[in-house]
Amino acid sequence: MPSLAVTHSTDTKLSTDGQVDHIPSLVHIIEEKALEEDGLDEAATALKGQSLEYTPEEERAIVRKCDWWMMPIMGLCCGLQFVDKAAISSAATFGMTTDLKLHGQQYSWGVAVFYFGYLASLYPSLLLMSKFHTGKFVGVACFLWGAVILGMVGVKTYPQLIATRVLLGIFEAPLAPGFIQVTARFYSQREQPFRYGIWTLANGWLPIPALVMYYGIGHTKNPPIAPWRIIFLVLGLLTIVAGVGVYFIVPDTPATAPFLNDRQKAIAVERIARTQIGMKNSKFKKAQLIEALTDIRAWLVVATLFLSQSGGAVTTNFLGIVIKGFGYEQLRSLLLQTPAFAIQGVVCLIVTGLATFTTTFRNLKQPMLSVAALCVVTGSAIIYSHKPTANNRHLLLGALYLMAINNCSYTTIMSVVGVNFAGQTKKSAVSAMTFVAYCVSNIVVPQAFRGNEAPTYHSGILTVLCFQVALIICYWTSWTLMTMENRRRDKLQAKLDAESGASTVDKTQEEVLQGLRDLTDRENLGFRYSP
């Protein structure tokens, strides 16, 4: 890691040719720039008065501290969010649809209406998180979300179910966008994919003990309330506790992180500034919004999330119903869901781990996801072309597990959003566009799963198959455009460097300042895409 000295006096450094360069302090540059322009990130203040000649060991120690402080609670919350989404499927197998007298498309709308609330809450949440402390905002939302889950215990009619699901969407909306913003502020482009993998790993593994718990609940004799109501009671209480943890633990930026001292804060800010992604800037910039809305690379990433969510409809909201439709009895169908979630967790770690720890796969995230989409195409084709019988139900179950590989796409696409778009307003806009696509997909796709086709859902499976084919095309188009732009910038940068003749130290200072100017990925020539 190249070092950067920042003090209140003139610093000396060896240039690449071995000569001593006398350079002005970076803190003075930041102070002067702040007087001339109003565009530096708020985290730039953490650099003032700090000497940033640090070792790789110091940097690794900071990353480890961030991991141990933030990842467990973020992982717990993401896992609970996923368990909550999947709980409606388990509740349906325990008789919720019968108790609430649901018929026709009412169950599908009970699934889909959650995303209307999510959609309505998304932009206000992003706006408020840019103005206020991100961790505390998410913590409050998480607490309220847990309270609403407790409200599911008392639901007795279809309208009450719809109202409760809308409220769940409203309060769950800040979670993933907020965690994406916090992760991008503490980790470099190279480090982010695996961290997304860590805090979404619980999406795959936390449902496993939850399903075992549901299995035990199903064997309870004469419970005081219906088993599906007990599920929501337990989840609600756990989520409230997690919300309190998020409020007090998850930080906003490195400059305000309570677990870092002043020197560590400065190092944390400087190392992220080098990535050119930016930190946090509360000012809305219309030009950045327009750029987000006209960037073909942004729309391709949005399209990938929209199309990828089709597979999640099968492996989340309809998983228990589909498995039961293969001919397995009610309680066994709960346990047979666990391998699907285990597969999701393992594949997620593999994909994000390769993208983080190997140079070969670092910029091959989308091609790896195209392989996952191909698995979904294969699995959905098998299920679509075979009518469930006693002889082939194991084949169909295996095909369904193959489709579960799709769930790694959400995590990795989120990392693609986090590392490939810069500028606070643009990043927030692209994040909003992405989650709008996420909501629309989760509203539209369940409608293809028609109640009169249960439990085989031929129309729904065919919809998934078509979406996944289109998804593969989008992955490769997006990857190609980003890769070509990187090569163009490399050539242009080499030409400019040759013409300027600037020293290594001058380039280092300018690199850090560029990363704190709240520039977009299009404006900043030093930015490189990581598709």
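Calculation notes
- Residues numbered from 1 in each chain as written.
- Predicted model: local features only at pLDDT ≥ 70, side-chain atom pairs only at ≥ 80, totals over all residues.
- Heavy atoms only, no water.
- 1 Å grid on protein atoms, 1.4 Å probe; cavity = no way out; pocket = protein on both sides within 12 Å on 5 of 7 lines; lining within 4 Å.
- Points joined across faces, edges and corners; volume = space filled by probe spheres on them.
- Helix = DSSP H or I, 4+ residues; strand = E, 2+ residues; numbered from the N terminus.
- Nonpolar A, V, L, I, M, F, W, Y, C, P; charged D, E, K, R; others polar.
- Contact = heavy atoms within 4.5 Å.
- Polar contact = N/O pair within 3.5 Å; in protein donor to acceptor, adjacent residues only side chain to side chain.

Q: Tell me about empty space enclosed by the protein, residues and numbers included.
A: Throughout the structure, instances matching the rule amount to six cavities of 30 Å³ or more. Space inside the largest cavity adds up to approximately 260 Å³. Phe82, Lys85, Gln309, Tyr410 and Tyr438 are the residues nearest the centre of the largest cavity, which is lined by 21 residues in total. Among the secondary structure elements, those contributing two or more residues to the lining of the largest cavity are helix 2 (56-93), helix 9 (192-205), helix 14 (296-317), helix 20 (408-420) and helix 21 (424-444). No other element matches helix 14, which puts five residues into the lining of the largest cavity. Of the residues that constitute the lining of the largest cavity, the class distribution is eight nonpolar, 12 polar and one charged.

Q: Hey, could you go over the environment of His386 for me, with residue numbers and the actual values?
A: Assignment of secondary structure puts His386 in the loop between helix 18 (365-385) and helix 19 (393-403). Once the C-alpha coordinates of His386 and Leu396 are considered, the two residues, 10 residues apart in sequence, prove to be 7.8 Å apart. Ignoring anything within four residues of it in the chain, the contact list for His386 reads Asn392, Leu395 and Leu396. Separated by 2.8 Å, the side chain of His386 and the backbone oxygen of Ile382 make a polar contact. A polar atom in the side chain of His386 sits 3.1 Å from the side chain of Ser385.

Q: Any details on unusual backbone geometry? Residues and values, ideally.
A: Of note in this structure, Lys101 is not a glycine but carries a positive phi near 60°. With respect to the helices and strands, the residue Lys101 is situated in the loop between helix 3 (96-99) and helix 4 (106-112). Positioned with a positive phi, Asn222 is a non-glycine residue whose angle comes to about 50°. Looking at the element boundaries, Asn222 is found in the loop between helix 10 (207-218) and helix 11 (227-249).

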